[in-house]
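Chain by chain, the residues:
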Amino acid sequence: MPRQGPYPGFIPPYILHRLIDHGSEWQRSRALNTLTHVRQLLPNPGLASVMGAAAENTAPGTLQRHIYDAQHLTVLPGALKRVEGQRASGDAAVDEAYDALGATHDFFWQVYGRDSIDNRGLALAGTVHYGEGYDNAFWNGAQMVFGDGDGEVFQRFTRSLDVVAHELAHGITESEAGLVYRNQSGALNESVSDVFGILTKQYVLKQAAEQADWLIGADLLTDKIKGKGLRSMSHPGTAYDDPVLGKDPQPAHMRDFVVTQDDNGGVHLNSGIPNRAFYLAAIALGGSAWVQAGQIWYDTLCDKRLDNDADFHAFATLTVEHARERFGIAQGKAVQKAWAGVGVDLA
Amino acid sequence: MKELPPLGSDATVRLSRQGGVTAMLSRPREIEFAQYNPDEREQICSLLKGCLPLTSSESGQGDQRFYQIEVRFRQDDRDDQLMLQVPEDRAPGELVRLWDKGLVS
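Now for a look at the structure at hand. Please read all numbers here as calculations on a predicted model, not as lab measurements.

1. Looking at the overall build of chain A
Counting its regular elements, chain A contains 11 helices and 9 strands. Residues classed as buried in chain A amount to 55% of the 347 residues present. Looking at chain A alone, contacts between residues at least 24 apart form 58% of all its contacts between residues at least 6 apart. Roughly 14,100 Å² of accessible area belongs to chain A as shown, and the carbon and sulfur atoms make up 51% of that amount.

Structure below.
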């Protein structure tokens, strides 16, 4: 949730971040003045009231979007810039976020019959222009947030539909399995977001599994960086190899599983293993990946038997069960073989 | 809430910004107390104590970034470690500055 109230014992970080970036007294003064100005002129109605009202008064499957502009501060949600039905704002980040959230909502509703993040029509809120040259996008439990990128390594994060969908999918995981964001369950949490992020892109592009690039964030890296994207789901560990970013460290198989204290136990690293399992399953099942492989993963995510601290083996076991139940024995075997291909042996 | 033990000149702090879509940009910084004078060490300890109530066990959820502080020290004739995670939106500017520039204010 957006942070409320004073920051105990310290100057608020959203001011200090700017100080660190810019340094001078003039800029410090400007940042403080801007923040005060924004707070005085734009009393925020709060996400809860806006989103709650929208959800209560709409038919199932109705899309409700609210796109905000943080105006390069880190105060959420920011100034409201575009709501459902309004024409394009002319701000690329605002309009990309609006379109991408719409495409993601449409994908889940049309393909899986899921009505938004909570399956109860929750209005989608996204904030763009967060911070100064901010190199990240995230879901904070209430809304999605997108930085503009530093311009040297990363471009604005709304450019990649799969990244926007990835963040929305974090909200869905939170409202379903609630996979704990640490170790193997955390890597599954990340992988599930990559799966539904890439499926949203493939659905919009009408691509079969064999035609797709299986790259997460293919539109994010600047042309100064030697890389294809943030992650490769088909060949984890090959997305980039660059002097600034280093080499993509994702493993593609359990024999290379990364044991680390960093990144909550390597949630963004070891997600490469279930990502490749999904890719192998999608290729084996053929056709549009969202039809069978995606449905199996979605059924698993929504299965009440999936514990929030599930490991790869537990998740894989349920995917095989759902493949058999919904599609048949051959599909179950194909999914089991996909997991065996990354070293998760269910035999 | 965790407590910060007394830190001698043999203590080290590994400070990194972690998580998020761009988790590869963690840029860990190693801080060896032996390289700082007593006043600076006191400032670092004061900063770390100030971070104790800001930590969260759910740091990182949903690609939110966080600062990870790993304090390695010696206590009762054995090596020990304390790890803290401070969500980015709670991180004190002094902590960000220490990570980014290696500077103690």
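2. Focus on the nonpolar core
Core analysis: the largest hydrophobic core is formed by 79 residues, its most contacted members being F196, L199, W214 and W297 of chain A. The element that contributes the greatest number of residues to this core is helix α4 (residues 92-112) of chain A, accounting for 9 residues. The residues touching W297 of chain A, leaving out its near neighbours within four places in the chain, are V195, F196, F278, A281, F315, T319, V335 and W339 of chain A. In this structure, Y36, L48, I69 and V71 of chain B belong to the second largest nonpolar core, which totals 27 residues.

3. Here we look at the interface of chain A and chain B
Many structure descriptions define interface size as the accessible area lost when the parts assemble. With 35 residues of chain A at the contact, the number on the chain B side is 38 residues. Regarding the contact of chain A and chain B, the summed buried area is about 2,900 Å², with carbon and sulfur atoms giving 52% of it. Its salt-bridge partner being D262 of chain A, residue R14 of chain B comes within 2.9 Å of it at the nearest N-O pair. On the surface where chain A and chain B come into contact, there are 21 residue pairs in polar contact (both at pLDDT 80 or more). Tallied by class, residues from the side of chain A that touches chain B come to 17 nonpolar, 9 polar and 9 charged.

4. Brief notes about helix α2 (residues 93-101) of chain B
Taken together, the buried positions of α2 of chain B are occupied by G93, L95, V96, L98, W99 and D100 of chain B. Positioned one or two residues after α2 of chain B, G102 of chain B has a phi angle of 75°, which is positive.

5. Regarding the side chain of Q331 of chain A
Residues and elements named next belong to chain A. Along the polypeptide, Q331 turns up in helix α11 (residues 329-340). According to the relative accessible area criterion, Q331 is buried, its value standing at 19%. For Q331, the residues in contact, after removing those within four places along its chain, are L285, Q292 and A323.

6. Some points on the sheet that holds strand β4 (residues 78-87) of chain B
Residue and element names in this part refer to chain B. On the basis of which strands lie adjacent, the open sheet formed by 4 strands has the order β2-β1-β3-β4 and antiparallel pairing. The open sheet terminates on both sides in strands that have one partner only, identified here as β2 (29-32) and β4. On average, each strand axis in the sheet is inclined to that of its neighbour by 15°, with strand direction left out of account. Relative to strand β3 (residues 66-75), strand β1 (residues 12-18) runs antiparallel, the two sharing 7 bridges. Each residue of the ladder has a partner; that of S16, found in β3, is Q68.

7. Section: the sheet that holds strand β4 (residues 137-139) of chain A
Residue and element names in this part refer to chain A. Taken together, the 5 strands give an open sheet; going across it, the order is β2-β1-β3-β5-β4, and neighbouring strands pair in mixed fashion. Each edge of the open sheet carries a strand with a single partner, namely β2 (79-83) and β4. Direction aside, neighbouring strands of the sheet carry axes that sit 20° apart on average. For strand β1 (residues 65-69) and strand β3 (residues 124-130), the ladder comprises 5 bridges, and the chain directions are parallel.

8. Observations concerning unusual backbone geometry
Residue and element names in this part refer to chain A. In this structure, P77 follows L76 across a cis peptide bond, with omega equal to 5°. Tracing the backbone shows P77 in the loop between β1 and β2. We note that K206 has phi near 55°; this positive angle belongs to a residue other than glycine. Within the secondary structure, K206 is located in the loop between α6 (183-205) and β6 (215-216). The class for K206 is exposed, based on a relative accessible area of 69%.

9. With respect to the state of the cysteines
Residue and element names in this part refer to chain B. Taken as a whole and assessed by the stated rule, the structure comprises 0 disulfides over all chains. Here C45 stays free of any disulfide, with the sulfur of C51 as its closest cysteine sulfur at 12 Å. Judged by its relative accessible area of 11%, C45 is buried. The exposure class of C51 is buried, given its relative accessible area of 0%.

10. Thoughts on the environment of F315 of chain A
Residue and element names in this part refer to chain A. Structurally, F315 can be placed in helix α10 (residues 312-326). Sequence spacing of F315 and T300 is 15 residues, and the spatial spacing of their C-alpha atoms is 7.3 Å. With residues near it in sequence (within four places) discarded, F315 still touches L188, V192, W297, T300, L306 and W339.

11. A word on the pattern of salt bridges
Applying the stated criterion across every chain, the model contains 22 salt bridges over all chains. Here K201 of chain A and D213 of chain A are joined by a salt bridge, their closest N and O atoms 3.2 Å apart. Pair noted here: K201 of chain A is in helix α6 and D213 of chain A is in the loop between α6 and β6, with a separation of 12 residues, a long-range link. Given a relative accessible area of 9%, K201 of chain A falls into the buried group. In this structure, R65 of chain B and E88 of chain B form a salt bridge, with 2.8 Å as the shortest nitrogen-oxygen distance. Taken together, the residues R65 of chain B in the loop between α1 (38-51) and β3 and E88 of chain B in the loop between β4 and α2 connect sequence positions 23 residues apart.

About the criteria used
Residues numbered from 1 in each chain as written. Chains lettered and ligands numbered in written order. Predicted model: local features only at pLDDT ≥ 70, side-chain atom pairs only at ≥ 80, totals over all residues. Heavy atoms only, no water. Helix = DSSP H or I, 4+ residues; strand = E, 2+ residues; numbered from the N terminus. Buried < 20%, exposed > 50% of the residue type's maximum accessible area, 1.4 Å probe, protein only. Contact = heavy atoms within 4.5 Å. Areas by Shrake-Rupley, 256 points an atom, 1.4 Å probe, with all protein chains shown as cover. Core = buried A, V, L, I, M, F, W, Y, C linked by side-chain atoms within 4.5 Å. Buried area = accessible area lost by both parts, 1.4 Å probe. Salt bridge = Lys/Arg side-chain N within 4 Å of Asp/Glu carboxyl O. Polar contact = N/O pair within 3.5 Å; in protein donor to acceptor, adjacent residues only side chain to side chain. Nonpolar A, V, L, I, M, F, W, Y, C, P; charged D, E, K, R; others polar. Pairing = 2+ DSSP bridges. Axes fitted to C-alpha atoms, helices over the stretch in contact; angles between N-to-C directions. Disulfide = S-S within 2.5 Å.

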